[in-house]
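Secondary and tertiary structure notes
This is what each chain is made of:
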Amino acid sequence: WNYLESEKIAYHPLHDKGYPSIGDAKDTVPVPRSKWFEYAGERLGRFNGLTNDDGSTKTECGIHLPHASNKKDSLDDEKGGGGGLTINIL
């Protein structure tokens, strides 16, 4: 942040309101700036109060899916390590 300020680099105005990262509009809350740079701190305000099917704290919207056990059902890349959905535009 010091660099952004010293070089007068533009950044999104929601950062000034306490939002280091946005999950969705209804479940995202501001995070104290002192926590932004802790491990995964930028995600602390995302999906506030929501959990995944396994009971863990939700931090992703669902685009990044876990590896499927059946390759036919997998949305990951062919090497099995994509961590998300690949869309080929023709």
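Let us look at the structure shown here. (Residues numbered from 1 in each chain as written. Predicted model: local features only at pLDDT ≥ 70, side-chain atom pairs only at ≥ 80, totals over all residues. Heavy atoms only, no water.)

**What about the overall build of the protein chain?**
We count it as follows: Numbering of helices and strands runs from the N terminus; a helix is a DSSP stretch of H or I covering at least four residues, while a strand is a stretch of E covering at least two. Contact definition: two residues touch when any of their heavy atoms are within 4.5 Å. Methods summary: accessible areas were calculated by the Shrake-Rupley approach with a probe of 1.4 Å, and residue burial reflects only the protein chains presented.
A count of helices and strands for the protein chain gives 1 helix and 0 strands. Long-range contacts, defined as pairs at least 24 residues apart, comprise 9% of the intrachain contacts of the protein chain with a sequence gap of at least 6. Accessible surface, the protein chain: about 7,300 Å² in total, of which carbon and sulfur atoms supply 54%.

**What to know about the pattern of salt bridges**
Put simply, the rule is: When a carboxyl oxygen of Asp or Glu lies within 4 Å of a side-chain nitrogen of Lys or Arg, that pair is called a salt bridge. Per-residue accessibility, obtained with a 1.4 Å probe over protein chains only, is compared with the maximum for each type, and a residue is labelled buried under 20%, exposed over 50%, and partly exposed between these values.
In this structure the tally under the stated criterion is 2 salt bridges. With its nearest N and O atoms 4.0 Å apart, the salt bridge here joins Asp16 to Arg33. Highlighted residues: Asp16 in the segment after α1 (2-6) and Arg33 in the segment after α1, separated in sequence by 17 residues. Residue classification places Asp16 among the exposed positions, given a relative accessible area of 54%. By relative accessible area, Arg33 is classed as partly exposed at 34%. Among the ionic pairs, Arg43 bridges to Glu42, the shortest N-O distance being 3.8 Å.

**Regarding unusual backbone geometry**
Located in the positive-phi region is Ala40, a residue other than glycine, with phi close to 60°. Along the chain, Ala40 turns up in the segment after α1. Here Phe47, not a glycine, exhibits a phi torsion of approximately 50°, which is positive.

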